[in-house]
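Structure assessment
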Amino acid sequence: MILVILALVSVPEVLPSSVAQEVLPVTVEEWSIWVGSPAQERINDRNAAGNAMPSVVGTARPKQENPGPWGLPIAPVSVVRFLGKPIEDFDLEIRLSSGTFLSHWPPARERVDSLRWFGANLSQNPPADHPLVFLSESHPFRALRELDDSLVIEVEGRAERFLAYDAELALPIPLTLQDGPDDYTLQNLSFHSLHDLAVIVPTDGGYRIGWLDELPAEQPQSSEEPIKEDNDSDSESNAQDDSNRDPALDVFDDENGDDPESRATPPPSPVPAEADAAVRARIEQRLNQSVTLNGSARPVADVLQLIRNQTGLQTVRDDRTLADAEIDLDTTPADLTAGIRPARDVLADMLGKSGLSYRITEDGSLFLSTSERLEAASDASPAQVKGPPVTLTLSDVFTDSDPAYAEVSARELLRRLVSQGIREDRARTTLDELGDHLFRPDRLIVLAHLDRAAIDELVPLDVFPPVDRTVRVATVIISGIDPSLSDQAALLVPQLGDPSPSVREAAERELLTLGPVAIPALKTALDHQDLEIVYRAERILRQLDQPIP
């Protein structure tokens, strides 16, 4: 027998300066353009936005000539460039907390939720043996190459003056817009402030615009209960305190000779809090994964284990409630037919037959309990997160040719981007490309900059060795939240029964494009006397994933 002895050596907390971690003399500057509307479940929806990448770059986004259903000719893209001194051998990784990478350039080592450019070098000019890839004369990346202050990144035989990627993000629209047309009320739907908001509205004779420096977020309330002073003389207060006593403390009563049978059964543990939108969207993607079921009869617990093995979804049982309802998942048959089905459908079918359901918790698990208890918990859950309402008054109408409009639109955005840390040459290059689309839209749009903390949560970025400075800005371009769209939906519904087939088809396309704002009008249309209107309204609702009463 060989005896191996391990010696533990303590390491000083403060390392000598000679081995201190290196900091690269480089600034990493990232500017992301993201687009979205309530009609899509995700920001940068792959089927609703164009492709910004060159033709040589593979993408999971359909290469369509026409933009998405909102008609915004703006393709989402994130561009990372490097400023400073040339360096050799560094690593950069970009991850997604919830979403999918659709494309990237230069090619990265792609993982399930990350892109890695490892062993990269930065130089002033492209290396002779690694020339830049061909770009068409009209491609906007050409303008980015002409920014001489950008260092050239060389990685695995490719060279470029920037890194670019396109990501579909499981992020809901972070604000609401109400009222109008002169004064709009905005509310933040996230836990992070939004900055540099602009509401741009086309109107007869020109455009109106309003700017807002910050849209504050709701501050989460503390769940801690105030500490109560102990007062032995107040028997009523002590009785109330006992009613809220932790059942786990009953074990000490046993040691003091109390009769366990005389005490009531402890209540079930509280229903865990529901996950936020980002976590729910990530789990929804896993629920859409297919699972393979064999033909043997299995109990529910076995099928849950099979789903865990094939999708990675974790489940937590509400044991006390299940026991009270006399439901044993280890013996209750799942009663499922063999085949390949999405995990979501398997769970709905299997749990529904047993009177069970699930809630997606904050850590991304599925909390299994009775449908009755989860429904009661949902009814008692707090309302949707909303920051304080803020009123924004729009400007007077600016004509398209009015020089003053450039001052309050493109130049104002340029000023705000520079204050966020984006170099002016970089900002001007992109605004030259997108200026007309942003400030001369054919419908109401909203611009907003995400808080830096929100960007780092959604898309973490790591560089090793660390760099001297990192700038990250995400401009979200939102359409489809014009409050007047619900009125448009009400006018389109009767056209679903128009004698002309072309009018009916056009109305159906428009209503589908309106997305969630058309749902109330479409549900009302289900009671219409015209069966053609009912049929088409029902078809649109199904495409919008709405249940049909």
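Bear in mind the structure is a predicted one, so any value in this text is a computation, not a measurement. (Residues numbered from 1 in each chain as written. Predicted model: local features only at pLDDT ≥ 70, side-chain atom pairs only at ≥ 80, totals over all residues. Heavy atoms only, no water.)

**As for helix α7 (residues 343-352)**
Of all the positions in α7, only Ala343, Val346, Leu347, Met350 and Leu351 are classed as buried. All buried residues of α7 project into a common sector of 105 degrees when viewed along the axis, lining one side. (Buried < 20%, exposed > 50% of the residue type's maximum accessible area, 1.4 Å probe, protein only. Helix = DSSP H or I, 4+ residues; strand = E, 2+ residues; numbered from the N terminus. Arc of directions from axis to C-beta.)

**Description of helix α16 (residues 531-543)**
Between the first and last C-alpha of α16 there are 18 Å, a value that for 13 residues agrees with the 18 Å anticipated at 1.5 Å per step. Along α16, the positions that sit buried rather than exposed are Ile533, Val534, Arg536, Ala537, Ile540 and Leu541. Next to the buried residues of α16 lie α14 (501-514) and α15 (519-525). Where α16 begins, the capping side chain belongs to Asp530, and its oxygen is found 2.9 Å from the backbone nitrogen of Glu532. (Expected span 1.5 Å × (residues − 1). Contact = heavy atoms within 4.5 Å. Polar contact = N/O pair within 3.5 Å; in protein donor to acceptor, adjacent residues only side chain to side chain.)

**Considerations on the packing of helix α5 (residues 300-311) against α7**
Axes are the key here: two packed helices are described by the angle between their axes and the distance separating the axes. Remark: α5 packs on α7, axes separated minimally by 11 Å, with the N-to-C direction vectors making an angle of 170 degrees. Judged by the angle between their axes, α5 and α7 are roughly antiparallel. Touching Val300, Val303, Leu304, Ile307 and Thr311 of α5 are Ala343, Val346, Leu347, Met350 and Leu351, all from α7. Classifying every residue of the contact of α5 with α7 gives 9 nonpolar, 1 polar and no charged. (Axes fitted to C-alpha atoms, helices over the stretch in contact; angles between N-to-C directions. Parallel < 35°, antiparallel > 145°, perpendicular 65-115°, else oblique. Nonpolar A, V, L, I, M, F, W, Y, C, P; charged D, E, K, R; others polar.)

**Digging into a negative patch on the surface**
On the surface, Asp276, Glu362, Asp363 and Glu457 cluster together into a patch of negative charge. Structurally, the position occupied by Glu362 is in the loop between β17 (356-360) and β18 (366-370). Among the residues examined, Glu362 registers a relative accessible area of 58% and is labelled exposed. (Patch = residues over 30% accessible without salt bridge, like charges linked within 9 Å, V, L, I, M, F, W, Y side chains within 5 Å. Areas by Shrake-Rupley, 256 points an atom, 1.4 Å probe, with all protein chains shown as cover. Salt bridge = Lys/Arg side-chain N within 4 Å of Asp/Glu carboxyl O. Lys, Arg positive; Asp, Glu negative; His and termini not counted. Charge placed at Lys NZ, Arg CZ, Asp CG, Glu CD.)

**Description of the pattern of salt bridges**
When their charged atoms lie close together, side chains carrying opposite charge are able to pair. Enumeration over the complete set of coordinates arrives at 34 salt bridges. The shortest N-O distance in the salt bridge between Glu407 and Arg411 comes to 2.1 Å. In this structure Arg411 comes out as partly exposed when scored by relative accessible area, which is 46%. Across the pair Glu508 and Arg539 runs a salt bridge whose closest N-O atoms are separated by 2.8 Å. Separated by 31 residues along the polypeptide, Glu508 in helix α14 and Arg539 in helix α16 bring together distant segments of the chain.

**Side note on the confidence of the model for the protein**
Mean pLDDT over the protein: 82, with 82% of residues reaching 70 or higher. By mean pLDDT, the top-scoring element of the protein is strand β13 (residues 206-215) (97), and the lowest-scoring one is helix α3 (residues 250-255) (42). Across residues 1-19 the pLDDT falls below 50, and counting only partners more than four positions away or on other chains, this stretch makes 0 contacts in the model. Counted against residues more than four places away or in other chains, residues 222-258, with its pLDDT under 50, gives 14 contacts. (pLDDT = per-residue confidence, 0-100.)

**Quick notes on the packing of helix α10 (residues 410-420) against helix α11 (residues 424-439)**
Running from N to C, α10 and α11 cross one another at 145 degrees; their axes reach a closest spacing of 10 Å. Every pair of crossing elements has a handedness; the one defined by α10 and α11 is right-handed. Touching Ala410, Leu413, Leu414, Leu417 and Val418 of α10 are Glu424, Ala427, Arg428, Leu431, Leu438 and Phe439, all from α11. Looking at the contact of α10 with α11 residue by residue, the class counts come to 9 nonpolar, no polar and 2 charged. (Left-handed = near helix turned anticlockwise from the far one by under 90°.)

**Let's talk about the sheet that holds strand β10 (residues 175-179)**
The pairing of strands in a sheet comes from backbone hydrogen bonds and takes either a parallel or an antiparallel form. Pairing is antiparallel across the open sheet formed by 3 strands, whose spatial order is β10-β11-β19. Here the strands that pair on one side only, and so sit at the sheet edges, are β10 and β19 (390-393). Neighbour-to-neighbour, the strand axes of this sheet turn through a mean angle of 30 degrees, independent of strand direction. As defined by bridge partners, strand β11 (residues 183-188) adjoins β19 across 4 bridges and the pair is classed as antiparallel. Its bridge partner lying in β19, Asp183 is registered against Thr393. (Pairing = 2+ DSSP bridges.)

**Quick notes on the packing of aromatic side chains**
The tally for this structure, following the rule as stated, stands at 5 aromatic pairs. Between Phe101 and Tyr165, the ring centres sit 5.9 Å apart and the planes meet at 75 degrees, which makes this aromatic pair edge-to-face. In this pair, Phe101 sits in strand β4 (residues 99-105) while Tyr165 sits in strand β9 (residues 163-169), placing the two residues 64 residues apart along the sequence. Here Phe101 and Tyr165 have matching classes, each one buried. By the ring-pair criterion, three or more aromatic residues cluster together here, those being Tyr207, Phe398 and Tyr405. (Phe/Tyr/Trp six-rings, centres within 6.5 Å; stacked < 30°, edge-to-face > 60°.)

**Thoughts on the sheet that holds β17**
Across the sheet, 3 strands lie side by side as β15-β18-β17; this open sheet has mixed pairing. The strands lining the two open edges of the sheet, one partner per strand, are β15 (315-317) and β17. Ignoring which end each strand starts from, the neighbouring axes of this sheet average 35 degrees apart. As judged from the 5 bridges shared by β17 and β18, these two strands associate in the antiparallel manner. Across the sheet, residue Ile360 finds its bridge partner in β18, namely Leu366. Contacts from α7 reach β17 and β18, with the element oriented near 135 degrees to β17.

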